[in-house]
Amino acid sequence: MSRLATGGLIDRSHPLSFSFDGKPFTGYAGDTLASALIANGIRLIGRSFKYHRRRGLLTAGGEEPNGIVTIGSGAYAEPNTRATTAWLYEGLEAQSQNRWPNLAFDALAVNQWLAPIFVAGFYYKTFMWPAALWEKLYEPLIRRAAGLGALSALPDPDQYDRMHAFCDLLVIGGGPAGLAAALTAGRSGCRVIIASDDAQLGGRLLSERQEINGREGRDWAAEIEGELTSLDNVTVLPRTQIFGVYDGQEYGAVERRIDHLRASNGKPRQRLWKIHARSAILATGAIERPLVFGGNDRPGVMMASAISTYLNRFAAVPGQRAAIFTSTDSGWQTAADLVHAGVNVAAVIDSRTALPARARELAGAGVECLSNAVVQDAHGRSLRRITIGLEGSRTRTLDVDLLGISGGWNPSIGLASNLGAKPSWSDRLSTFLMEGGPADLHPVGSAAGHFSLAEALRDGAQVAGRIVENLTGQAPSLPQWRCDDEATDSAPLWHIEHRTKAFVDFQHDVTADDVSLAAREGFVSVEHLKRYTTLGMATDQGKTSQVNGHALLAAATGKSISEAGTIRSRPPYLPVTIGALAGHHREASYRPRRLTAAHHWAAARGATFTDAGLWRRARWFARPGERDWTETVYREAEAVRSGVGVCDVSTLGKIEVHGPDAGTLLDRLYINTFSSLAIGKARYGVMLREDGIVLDDGTVTRFDEDRFYLTTTTANAGKVMQHIDFARQVIWPELDVQAASVSEQWSTYAVAGPKSRDVLQSVLSGIDLSDAVLPFMGAREFRWRGKPARIFRVSFSGERAYEVCVVASLGEALMEALFEAGDRYGIIPYGTETQTLLRIEKGHAAGPELNGQTSAADLGLGRMMSKKKDFIGRALSERPAMASPERPTLVGIKATAKGQKLPAGAHLMVDKGAATPANNQGWISSVTYSPALDHWIGIAFIKNGPARLGERLRIYDPVRGNEGIVEICSPIFVDPEGKRVRG
Amino acid sequence: MAETIKVAERLGLGLAIVQARKGIDADAIGHALGIDLKDGPGRIGDANLSTIGTSPGSWFVMGEQASDDWAERIAVTVRGLASVFDQSSGYCVLSLSGPAARTLLQAGAPVDLDPHQFPIGASASTSIAHIVVLLWRTGEDSFDLAFYRSYRESLEHWLTDAMGAL
């Protein structure tokens, strides 16, 4: 065991059992999986992505590239989880990834021997010959070898929820700078939200041995957190990661509510926060930069600050005999922490010329302090020796099992470039800073390149103070605290002579040689470098690799780093589980459903439903014993044509247009005229788009001088309402016309068949339905059970039919009344399939014909276009190509062989001749078996169709393989003279 | 937490959309209706008759214990001044009340419901669970919301999940 007896923020009275790759271990409450593994002496965590090299933990934070594991099993398994930010809980099960059969003996380690082939971009140069092998061999092989981690393929059993929040100031990060800022703004009464992805606030104070006002940093942080929690205007969100900055001052965050507990009890596991903040402070700290030398990926090579974190926060010791290789002052602090913890520190190897003041103290403790020195190579399957390069090309070796490295600090400014701003290089600090980011997002502390604790505290308070003054007009008093002003200098070290592989991107196995290769092959931009080598494209988005990679590329292309630039970080900053983004909207609830008033009535009658946009519509009503849906639908169709049937058409759009200029507006929207429509009459109408293509069709009814009611198709209800609103508000605001959707106000039922009037008359006692009073295309308002009702004598089926509307609160009641009264007439309910069959028999256009490609003339409605008025779409309809009879025009087609089915969507070629575009005569839009005619029929668009009745064409359907001959005929298959509809 | 929220449907309401005719301002319509009608969001009026501005010259109008011909009578009252579109059956109106009502609604609606930003009488047209909702505050801990009746089951499903998550 490698656990210190005392110290750290773990709770030694609360031990926790967990397992890693099936082996049992113990940790404590407060541990992460990573710290618990280190405390148990585990050095091997995983195998690298491409080469399957042995890897240990590199860091102690979210930027971890190597410690990627799967936590949980079965449906709860979450792959690609960073062990460094996974809080330990009782019974946690973790598995290493990317190795087979196991971590110790990984068969794919053979990839290392093929390293010369697996250089950057190898897949652009290989797997090409022979071409035939691609589909059968190469692609399946690559597919199996690619990817990191595996999904369980089981549904996610957890719940996720969502919350919206609004504040004056969002503080991103709970370290000293963030706490100072939140306190300053919170005390002034502003609405503040402070979010930290850690379980506790405090940031670096939890990992370092620093004092503020003479107290331990962690105690200071706890006290500030306590005051923040006590303020009503401050919301403290621990375990909450701000993952992205979006337009409109919106920030996305995920709160891990119970990931640290095992059982969920049905409570949401994670919560998605959408936060609107008038201003924000980026107090996200900085990420330590690795050094690029040979073997720098060996287990045992770790970031210096991570070693300090494991020692100080978790009392876990990552090695027995350590060395530090640094180009920063902060690296020396780790040496001091190791000495303080009683670990043998062999040497500090500083690449800089002058040693910092600390060197004296450490030399006194027996640590060898070397300047102008570098580590060239690290050796051992698990680190056991390093080769040090000294001045004058001398080298020496040192036996160590732990090497802390520190190459500098990169401010965590990823979020600041989400909206497109690019970071800029600072020569003074040798790192990238965000100077031109979003105006209301302010970096502070280490995130702004102010690396000392004293600066962080000052920065946080000052910037928050300025924000408060901008918001309230009053400058608040700024809190001040005393602490040591520690040394924070560094000198960049981009290039080190090495002999073995030197890694730049640990997660994607990109080496320094890959960067040089990319430059030699002409990929000289950082954007090319990223995509060609995949540097920075892993789940860590290059947090520990970008800057090193860009520096090497700059050197290889002879540019300065400032000229070479860097890429922009994309949200999410750290991986976000898709369940959190979906929240409530998953599986059947991914979108809301709209139900008609008679929905449950229909369900009780055995309806099979389908989706029509967001609506649920009954497709057919199967009876027990019916073999399949065709038997049901043909029965329903015959029943309608011989008796009476009812179809719920409540989903169709319904719009009222009122006002003195209502008729004028309708004349401008429809191709035909409505200002002259008589009161109490209904008329079929067609609307065009500006380009002359049909937008929608429906029925317009006039109930009064200044009151019209129109219907639309279900799919276009919203679009037509928008079209009408745009016309009256924007195009012709001088017209006095008002309009509103009444789709939800009314339930509408089509009652169709020879017996339809009989049924309706016995139910609707308040109105005379005789033909004299209500002729075909007539409409009336009346009352049913005291509430408003309407009846229209219109027909889609071609039978005597009525559409009856009642207020939706009476919809179900009307359906019940119709079926009670209609029982003796053999009344049946019918659905969309039968409705479709009947309208095809009558040659009526519907969705498949109004497909966004057809004009009024194509539909055979050219003569409906008024020549006496202007309307939307008229001008462009008159373009020669739009008016040409050569365009496919609506006709009927019928099968020519017994039992022949017709395929909708198939094209039609000349009967004798090759199947070529030149011979393409048109296409089939709708088809059905016709019970009335006992053969299949269809509606088709055929060039010059109406002039070619009787001609035969050949079906062309290469995708599905259908064949056959059809005959062109009139589209009105049943009752061509329209006698039945007029009764 | 769920016990601290009460959800009740408001029945018997008369509902209508009233849109001003050209050249007619809110004062004229308000005068005819007997209330101090204004253009803009927010609820004006009382249980007998209240309005919520939803867009320029357009109001969502409500009346409690409405007769079967409530909308027709409103239309007669404002004839020549405004067009009236009966919506008494078109919308479902729910009342949410209790100490956790604001938090529950905040989970669904991307509108700031802080009492200083959204006081009694404030209204917003927003969406919850992909459903368009007209939302207004009726008391310190109570809100009403109106939405198309066809979405009722979906909205109630969201309410159940959201209450369970609090």
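Residues numbered from 1 in each chain as written. Chains lettered and ligands numbered in written order. Predicted model: local features only at pLDDT ≥ 70, side-chain atom pairs only at ≥ 80, totals over all residues. Heavy atoms only, no water.

### Focus on the nonpolar core
Considering soluble globular proteins, one finds that nonpolar side chains tend to be buried as a cluster.
Inference 1: Within the largest apolar cluster, 77 residues are counted, with the highest numbers of intra-cluster contacts made by Leu33, Phe293, Phe325 and Ile386 of chain A.
Inference 2: Among the elements that take part in this core, helix α1 (residues 33-39) of chain A stands out by supplying six residues, more than any other.
Inference 3: Excluding anything up to four places from it in sequence, Phe325 of chain A contacts Leu291, Phe293, Ile349, Ala373, Val374, Val375, Leu403, Gly404, Ile405, Ser406, Leu493 and Ile496 of chain A.
Inference 4: In terms of nonpolar packing, the next biggest core, distinct from the first, is built from 56 residues, Ala421 of chain A together with Ile5, Tyr151 and Leu166 of chain B among them. (Core = buried A, V, L, I, M, F, W, Y, C linked by side-chain atoms within 4.5 Å. Buried < 20%, exposed > 50% of the residue type's maximum accessible area, 1.4 Å probe, protein only. Helix = DSSP H or I, 4+ residues; strand = E, 2+ residues; numbered from the N terminus. Contact = heavy atoms within 4.5 Å.)

### Describing the sheet that holds strand β18 (residues 321-326) of chain A
All names here are of chain A.
Inference 1: With parallel pairing, the five strands of this open sheet are ordered in space as β17-β24-β18-β19-β20. At either end of the open sheet lies a strand with only one pairing partner, and these are β17 (301-303) and β20 (368-370). In this sheet, neighbouring strand axes are inclined to one another by 20° on average, regardless of whether the strands run parallel or antiparallel.
Inference 2: The sheet strands contacting helix α5 (residues 304-312) are β17 and β24 (402-406), and the helix crosses β17 at an angle near 85°.
Inference 3: Across the face of the sheet, helix α6 (residues 330-340) comes into contact with β18, β19 (344-350), β20 and β24 while running at roughly 170° to β18. (Pairing = 2+ DSSP bridges. Axes fitted to C-alpha atoms, helices over the stretch in contact; angles between N-to-C directions.)

### Observations concerning the sheet that holds strand β38 (residues 738-741) of chain A
Paired through backbone hydrogen bonds, the strands of a sheet run either parallel or antiparallel to each other.
All names here are of chain A.
Inference 1: Overall, antiparallel pairing links the five strands, which are arranged β35-β36-β37-β34-β38 in an open sheet. At either end of the open sheet lies a strand with only one pairing partner, and these are β35 (681-688) and β38. Ignoring strand direction, the axes of neighbouring strands in this sheet form an average angle of 25°.
Inference 2: Direction of pairing for strand β36 (residues 694-704) relative to strand β37 (residues 707-711): antiparallel, over a ladder of four bridges. Bridge pairing in β37 links Thr701 to Tyr709.
Inference 3: Taken strand by strand, helix α17 (residues 717-731) contacts β34 (654-658), β35, β36, β37 and β38, and its axis lies near 165° from that of β38.

### Describing the interface of chain B and chain A
Where the parts come together, the accessible area they lose is often given as the size of the interface.
Inference 1: Listed per partner, the contact involves 41 residues of chain B and 47 residues of chain A.
Inference 2: Both faces considered, chain B and chain A share a buried interface measuring about 3500 Å² in area, 48% of it formed by carbon and sulfur atoms.
Inference 3: At the junction of chain B and chain A, the tally comes to five salt bridges.
Inference 4: One salt bridge in this structure joins Arg21 of chain B and Asp706 of chain A, with 3.1 Å as the shortest N-O distance.
Inference 5: Applying the counting criterion to the chain B and chain A interface returns 29 residue pairs in polar contact (both at pLDDT 80 or more).
Inference 6: In terms of residues, the side of chain B that touches chain A owes the most to one element, helix α4 (residues 152-165) of chain B, which gives seven residues.
Inference 7: The residue inventory of the side of chain B that touches chain A, partitioned by class, reads 15 nonpolar, 15 polar and 11 charged. (Buried area = accessible area lost by both parts, 1.4 Å probe. Salt bridge = Lys/Arg side-chain N within 4 Å of Asp/Glu carboxyl O. Polar contact = N/O pair within 3.5 Å; in protein donor to acceptor, adjacent residues only side chain to side chain. Nonpolar A, V, L, I, M, F, W, Y, C, P; charged D, E, K, R; others polar.)

That is the geometry; function is a separate question.
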